[in-house]
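# Coordinate analysis (summary)
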Amino acid sequence: MVSCFEKKQYSERGNCDCFHFGVFMDSRIGHAAYEPAIYSIHSISDLTPHEKLFRIEIPDAVDFRHEPGQFVQLSVWGWGEAPISISNSPTRKGYLEFAIRHAGSLTGALHQMRPGSKIGLRGPFGNGFDVNRLRSQNLLLIAGGCGLAPLRSLIQYCEDCRDEFMDIRILYGAKTPHDLLYKSDLAAWMESETFDCRIIVDFVAPNHGYSGKIGLLPELIPPLEVEAENTTAVLVGPPMMYPFVVEALRKKGLDDERIMVSLERHMKCGIGKCGHCAIDHFSCCIDGPVFLLRDLQGTEWAG
Amino acid sequence: MKTITCDQFHHFLYSIREDFEIVGPVILHDGTLSLGRLTAEPLALFAGRIPFRFTSLFFPHSERLFAMSDEYRFDKSGSSAKPLLVVGWRAEDLEALEFIDEFFRTGFRDDVFCDRRQSSVVIGVSGRCGVNGEFCRISEGKCDMELIYDGKHFIMAEYTENGRFLSEKIVWGEETDSLEALLQESRALRTPEREILQTASQLLMRNQVDDDFWAEIADRCIQCTSCTNVCPTCTCFDVYDMRLKRKIERYRMWDSCQMSGFMREASGHNPLASQSDRTRRRIRHKLVDDLHRWGRMTCFLCGRCDDVCPTGIGMKAVAAEIVERFG
Ligand SMILES: Cc1cc2nc3c(=O)[nH]c(=O)nc-3n(C[C@H](O)[C@H](O)[C@H](O)COP(=O)(O)OP(=O)(O)OC[C@H]3O[C@@H](n4cnc5c(N)ncnc54)[C@H](O)[C@@H]3O)c2cc1C
Ligand code: SF4
Ligand code: SF4
Ligand code: FES
């Protein structure tokens, strides 16, 4: 069993010198444990009929450092707080982007906001994708639905620090072509030499112009050639899809040390106190949201 | 070490009433044992355990996390309440307090809890102080000061600076060295319930308790949440905003893992959908998960959940049943 307190330390610098990770404790925003820092929304754009992209500018004077896959606790005054993944890579500084689905009351109120509206932020929180483990590996970056929001931070990181990794494949599945997040990014990734990016949708309405693949996300895996001994897969999406994707990956020879999954549970505090995000002895908010599948063995999640 | 009578101790408490908010067990007019402020009536130090979550003094049922004006300014006006002086906790209560102290301090410091806790003084009571004079285990150090009752007097053991500070203010009493016999009696107390709990913990850890068992226990649960409400080591809470005129206030309030809406995956799936899952969680969390995470079980056998559960499936009862059936 890996100790829960064994904090990942990014003391080792990557080859990429665009940035380096600091000691996270010192580079958070928000005061005390529960008071958020106040920020204005810089701009808002539509991603899908249900998802909008929110951009916040972070002034140079603010020491904010995150790792790909971390999240913030976002406050909408009078509505409370919700965990939201940081969608841009730490290599792209000076701003934060959030892709947010209209899922309920808080996100509904957020979707009503305009540039200039004030929100609250605390964070970054959580253990993101363990970049040290991913370096020098072939990567399979797999996202379902909203899972592309956090995964994009890693994809951008890979783009900016390309030399640190070997082949990078992106597999992304959504319900319909409308629901694909980050359509222009996807188009660019499909074009680029940097990635092998494949997309699949569950179904397509008649007369829709979409000409890509139709089916379920796990179907993208069997045709791939995978060198199991130096490949690591990263999985972000609704947990319902995980057993099927994991099974397909295992068939390719990947063991549980080579599969990372993100487990997202409703969170109230983000700092390991409120109990809402517990998986046995883990708290998703401080031990996750990204876990190595190996570490989840024997937990209620693994069944 | 000094000895002091119960009357003398109360004299002392009255003498420091200006400086501290003094809280301890009190008997209400209708005879109920509760937690209350020191009044003209002496504290009920021999009346048994307070039947609810006494750690609520530091982690109240509901409390404000912050207030913010419509100009986005935080209200920094802290309360100038007097420091709390808490009297009357038993050894198992103090163990529970020690755990939640560690819980709220470790990793991210929960300043709302820690700030309140930091300025407080805790006085435990042990020795022959049970309802019928039975012996209550001596905590030997988990509080600022412990009053160990030898049947006639309290022997005062000071464990911290705060404890010594208070003790120096106590002008009454005689010196004694008679603690050793009481300590030996305390250490020799048999703890069969602890053994049952440990065995249950091991059986759970080895996955020897089957799903049918949980279904059966859960069948008897009416989801009243009394068990989690009284437990001194339960720390779960929910967070919500109140909209007031020209400001919002954010609060936290106790929550219970026994309620069906407690947990959700971001996708909407409920990982604790059945009461069977939730009952299993209630027991396993304290006997297995916290052992992994915190190095110890976090049920200290205070017995409160067994006292309040209307259907008889508190921690001790369930642990005993696990051992009986699977041990
Ligand atoms: C680590 C992490 C990262 C996340 N990142 C993102 C992100 O980048 N973008 C994004 O859009 N979302 C993200 N989420 C999800 C987001 O935090 C939730 O959708 C959040 O609940 C939205 O808050 P809300 O108030 O708008 O919705 P809520 O009002 O909480 O409702 C959300 C959904 O849950 C249901 N629900 C809520 N409470 C209950 C209950 N007690 N019982 C039954 N059903 C209930 C609602 O009916 C609704 O369908 C993330 C979640 C986590 C844990
Ligand atoms: S006996 Fe019950 S109330 Fe007391 S610590 Fe154990 S679980 Fe909590
Ligand atoms: S006190 Fe008993 S009946 Fe009530 S929720 Fe707890 S276990 Fe269930
Ligand atoms: S969100 Fe509160 S413990 Fe994880």
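Only a predicted model underlies this, so the values are computations on that prediction, with no experimental measurement involved. Every chain is numbered independently, its residues counted from 1 as its sequence is written. A letter from A marks each chain and a number from 1 marks each ligand, given out in the order of writing. Thresholds applied to this predicted model are a pLDDT of at least 70 for local features of residues and 80 or more for the giving and counting of side-chain atom pairs; totals over whole chains, interfaces and linings are not thresholded and use all residues. Side-chain metrics rest on all non-hydrogen atoms present in the structure, leaving aside hydrogens and water.

## Section: the overall build of chain A
The secondary structure listing takes helices from DSSP runs of H or I that are at least 4 residues long and strands from runs of E that are at least 2 residues long, numbered from the N terminus. Of regular secondary structure, chain A possesses six helices and 15 strands. Relative to the globule expectation of 19 Å for 303 residues, the C-alpha radius of gyration of chain A, 19 Å, shows essentially globular dimensions. In terms of overall dimensions, chain A has C-alpha extents of about 50 × 50 × 40 Å along its principal axes. The buried label applies to any residue whose accessible area, calculated with a 1.4 Å probe on protein chains only, is under 20% of its type's maximum; exposed applies above 50%, and partly exposed to all values in between. Split into buried and exposed, the 303 residues of chain A put 61% on the buried side. For chain A, the proportion of contacts with a sequence separation of at least 24, taken over those separated by at least 6, is 71%. A 1.4 Å probe and the Shrake-Rupley method give the accessible areas. Residues count as covered only by the protein chains that appear here. Summing over all exposed atoms, chain A offers an accessible surface of approximately 12200 Å²; the carbon and sulfur share of this is 50%. Charge counting follows a simple rule: Lys and Arg are positive, Asp and Glu are negative, and His as well as the terminal groups are ignored. To locate a charge, the coordinates of NZ of Lys, CZ of Arg, CG of Asp or CD of Glu are taken. Charged side chains of chain A number 30 positive and 38 negative; the gap between the two group centres comes to 4 Å. Here the globule rule reads 2.2 Å times residues to the power 0.38, and the radius of gyration is calculated from C-alpha atoms. By the convention used here, residues are in contact when the closest approach between their heavy atoms is within 4.5 Å.

## What about the domain arrangement of chain A?
Residue and element names in this part refer to chain A. The split into domains, and so the bounds of each, comes from an automatic or database assignment of domains. In terms of domain boundaries, chain A breaks down into domain 1 (4-125) and domain 2 (131-296). Taken residue by residue, the interface counts 36 residues in domain 1 and 34 residues in domain 2. By buried area we mean the combined loss of accessible area, with a 1.4 Å probe, across both parts when two parts are placed together. Between domain 1 and domain 2, the buried area comes to about 2800 Å², and carbon and sulfur atoms account for 55% of it. Any Lys or Arg side-chain nitrogen found within 4 Å of a carboxyl oxygen on Asp or Glu counts as a salt bridge. For the interface between domain 1 and domain 2, the tally reads three salt bridges. The shortest N-O distance in the salt bridge between Arg92 and Asp160 comes to 2.9 Å. For this analysis, a polar contact is any N or O atom pair within 3.5 Å, provided that within protein one partner can donate a hydrogen and the other can accept it, and provided that sequence-adjacent residues contribute only side-chain to side-chain pairs. The interface formed by domain 1 and domain 2 contains 12 residue pairs in polar contact (both at pLDDT 80 or more). Mapped onto the side of domain 1 that touches domain 2, the elements with two or more residues apiece are strand S2 (51-57), strand S3 (71-76), strand S4 (80-85), strand S5 (95-101) and strand S6 (118-125).

## Section: unusual backbone geometry
Residue and element names in this part refer to chain A. A cis geometry characterises the amide bond from Gly123 onward to Pro124, with omega recorded as 5°. Here Pro124 is to be found in strand S6. In this model, Tyr182 sits at a positive phi of 50°, which is unusual for a non-glycine residue. By the element assignment, Tyr182 lies in the loop between strand S8 (168-174) and helix H4 (183-191). Judged by its relative accessible area of 3%, Tyr182 is buried.

## Some points on the site of ligand 1
Residue proximity to a molecule or strand is established when one non-hydrogen atom of the residue lies within 4 Å of it. Looking at ligand 1, there are 21 residues lining it, with Pro83(A), Ser85(A), Ala99(A), Arg101(A) and Thr107(A) nearest. Neighbouring residues of ligand 1 are distributed over chains A and B. Residue Pro83(A) places a main-chain N or O atom 2.7 Å away from an oxygen atom belonging to ligand 1. In the environment of ligand 1, an oxygen atom lies 2.9 Å from a nitrogen or oxygen atom belonging to the backbone of Leu106(A). The set of elements that each furnish at least two residues to the shell around ligand 1 consists of S4, S5 and helix H1 (105-111) of chain A. Looking at the shell around ligand 1, the element that brings in the most residues is S4(A), giving four residues. Three categories are distinguished: nonpolar for Ala, Val, Leu, Ile, Met, Phe, Trp, Tyr, Cys and Pro, charged for Asp, Glu, Lys and Arg, and polar for the others, with Gly belonging to the last. Here the shell around ligand 1 is built from residues that sort into 11 nonpolar, six polar and four charged.

## Here's the deal with the environment of Tyr72(B)
Residues and elements named next belong to chain B. Looking at the element boundaries, Tyr72 is found in the loop between strand S4 (62-69) and strand S5 (84-89). On the accessibility criterion, Tyr72 (31% relative accessible area) is partly exposed. Separated by 176 residues in the primary sequence, Tyr72 and Ile248 place their C-alpha atoms 9.5 Å from one another.

## Things to note about the site of ligand 2
In the vicinity of ligand 2, the contacting residues are Cys231(B), Pro232(B), Lys286(B), Cys299(B), Phe300(B), Leu301(B), Cys302(B), Gly303(B), Arg304(B), Cys305(B) and Met315(B). Classifying every residue of the shell around ligand 2 gives eight nonpolar, one polar and two charged.

## Looking at the packing of aromatic side chains
For Phe, Tyr and Trp, where Trp contributes only its six-membered ring, two rings pair if their centres lie within 6.5 Å, and the inter-plane angle classes them as stacked under 30 degrees, edge-to-face over 60, or tilted in between. Summed over the entire model, instances satisfying the criterion amount to 27 aromatic pairs over all chains. Aromatic side chains Phe99(B) and Phe103(B) sit 6.1 Å apart centroid to centroid with 40° between the ring planes, which places their arrangement in the tilted category. Residue Phe99(B) and its partner Phe103(B) are located together in helix H2 (residues 91-105), separated by four residues, close to a single helical turn. An identical accessibility class is assigned to Phe99(B) and Phe103(B); each is buried. Two limits define a charge over a ring: the Lys NZ or Arg CZ must be within 6 Å of the ring centre, and within 35 degrees of the ring normal. Directly above the aromatic system of Phe103(B) lies the positively charged group of Lys273(A), at a separation of 5.3 Å from the ring centroid.

## Points about the domain arrangement of chain B
Residues and elements named next belong to chain B. When cut into domains, chain B gives domain 1 (2-188) and domain 2 (192-248 + 256-326). In this structure, domain 1 and domain 2 have C-alpha centres spaced 27 Å apart. Contacts between the two partners involve 28 residues from domain 1 and, on the opposite side, 26 residues from domain 2. When domain 1 packs against domain 2, the two sides together hide about 2300 Å² of surface, and 54% of this comes from carbon and sulfur.

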